[in-house]
Amino acid sequence: MLYAVIPAGGSGTRLWPLSRAGHPKFLHPLTGTSASLLQATVERLAPLTTPDRTLVVTGAAHVAAVARQLTVLPEENILVEPSPRDSCAAIALAAAVIAARDPNAVMGSFAADHLIRDPDSWVCTVQEAVRGAEQGMLMTVGITPTRAETGYGYLETGDPTEGVPWRPVAEFKEKPATEVAEAYVRSGRHLWNASMFVWRVDVFLAELARQQPALHAGVAAIAAAWGTPEQDEVLGAIWPTLPKISVDYAVMEGAATAGRVATVPGDFGWNDVGDFHTLGDVLPADEAGNVVLGTEAKPGVLLRDSSNLVVVPQSGRLVAVLGLRDLIVVDTPDAVLVCPRDRAQDVKSLVDELKERGEEGYV
């Protein structure tokens, strides 16, 4: 059975002021239901694994909230990283801890903050990736592109083998310019890189040792002390010394060059909820195209002659909009955001400016 690892981090800058550093987006119910993104991720994994084989890697600031939301998980399955060291350290720590329990385990890594509209199709795609992992490949789940998206990285795939549902990954591609993205989509050889990974833990750790020996040695030492009285001391001493690098850069790009990476194309309504505009595209809207997040809130919202809005009422007071369109309105107890939907990606710049001004209380 698959071991599932859920990296749960992030600073929440593009969904500000709803999402904050202390309460990032994966803890919010952005699914169109009462479930948070994190809870929806665990529910989606139910056909593939069990709570005792599901691990969450999160920061110290989020441990209590994660534990409250995921009461089905054993306490020891919430791994705490003392500080953010990017995705490779977090995923490698989980892999090393799993390897100590089960050296032949197959592990999947799935972000805590993605939306998937067709979970059954997603499960079938992951199961195909597991079969590839069992044969010793480092597997990814690639997303069949629906548009020339410039905000995602891409996987360039090679020729498929007859009778095999996965394709070799020739190269990881950075976020492209528009004309390059259009060429990628036309080629039929490129998939969106959603950073979903499946592999045998022994294969991944061997590749980590080959490419990142210092990081491998560090997580191996931490994993050896995991669950012992020395755990916190060893973690506190070694963790800050680990390279701060993503798993894509640290392992997967080099492994692809060596012919060790393959991908299963998937089409299951994936969205990484990168900003309020995309959230408005994936959640149910009224007849005027307005999306209101959290309609159970009172007194809620009053919309008149307005269309294509994304409204997030979180302050407990009425939010009223008259005669406007294509806007984002986020109302929280201490901050209000109003911006055009096509400027949603720029919200991060507001957070950056607040940091520069020293107003960390809003961040």
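Residues numbered from 1 in each chain as written. Predicted model: local features only at pLDDT ≥ 70, side-chain atom pairs only at ≥ 80, totals over all residues. Heavy atoms only, no water.

Taking an unreviewed UniProt entry as the reference, the chain is identified by name as Mannose-1-phosphate guanylyltransferase belonging to Micromonospora vinacea.

Digging into the overall build of the chain
Each helix and strand counted, the chain has 11 helices and 17 strands in total. Taking 363 residues into account, the globule formula puts the C-alpha radius of gyration at 21 Å, and the chain, at 21 Å, falls close to it. With respect to the three principal axes, the spread of C-alpha positions in the chain is 60 × 50 × 40 Å. Taken across its 363 residues, the chain has 51% of its residues classed as buried. Expressed as a percentage of contacts within the chain between residues at least 6 apart in sequence, the contacts between residues at least 24 apart total 66%. Of the roughly 16100 Å² of accessible surface on the chain, 51% is carried by carbon and sulfur atoms. Charge separation in the chain, taken as the distance between the mean sites of 29 positive and 45 negative side-chain charges, equals 2 Å. (Helix = DSSP H or I, 4+ residues; strand = E, 2+ residues; numbered from the N terminus. Rg over C-alpha atoms; globule rule 2.2 N^0.38 Å. Buried < 20%, exposed > 50% of the residue type's maximum accessible area, 1.4 Å probe, protein only. Contact = heavy atoms within 4.5 Å. Areas by Shrake-Rupley, 256 points an atom, 1.4 Å probe, with all protein chains shown as cover. Lys, Arg positive; Asp, Glu negative; His and termini not counted. Charge placed at Lys NZ, Arg CZ, Asp CG, Glu CD.)

Describing the side chain of Arg44
One can find Arg44 in helix H1 (residues 37-44). No salt bridge is formed by the buried Arg44. Its closest oppositely charged neighbour is Glu43, at 7.8 Å. Discounting residues that sit within four places of it in the chain, Arg44 has contacts with His114, Ile116, Pro119, Trp122 and Val123. (Salt bridge = Lys/Arg side-chain N within 4 Å of Asp/Glu carboxyl O.)

Concerning the sheet that holds strand E17 (residues 336-340)
Two pairing modes exist for strands in a sheet, parallel and antiparallel, and in both the strands are linked by backbone hydrogen bonds. Taken in spatial order, the four strands make up an open sheet running E12-E14-E16-E17, and their pairing is mixed. Because the sheet does not close on itself, it has two edges, and the strands there are strand E12 (291-292) and E17. Across two bridges, E12 lies against strand E14 (residues 310-313) in parallel orientation. Residue pairing across strands places Val291 opposite Val310, the latter belonging to E14. (Pairing = 2+ DSSP bridges.)

Some remarks on the packing of aromatic side chains
In this structure the tally under the stated criterion is seven aromatic pairs. Note on Phe197 and Trp199: the rings are 5.5 Å apart at their centroids and 15 degrees apart in plane angle, and the pair reads as stacked. Of note, Arg44 hangs over the ring of Trp122, and the distance from its end group to the ring centre comes to 5.4 Å. (Phe/Tyr/Trp six-rings, centres within 6.5 Å; stacked < 30°, edge-to-face > 60°. Lys NZ or Arg CZ within 6 Å of the ring centre and 35° of its normal.)

Description of the UniProt feature "domain: MannoseP isomerase/GMP-like beta-helix" (unreviewed entry) in the chain
Within the UniProt annotation, "domain: MannoseP isomerase/GMP-like beta-helix" (unreviewed entry) is assigned to residues 305-354. In residues 305-354, helix accounts for 16% and strand for 36%; the two terminal C-alpha atoms are 33 Å from one another. (UniProt positions renumbered as here; feature names shortened; annotations may be inferred.)

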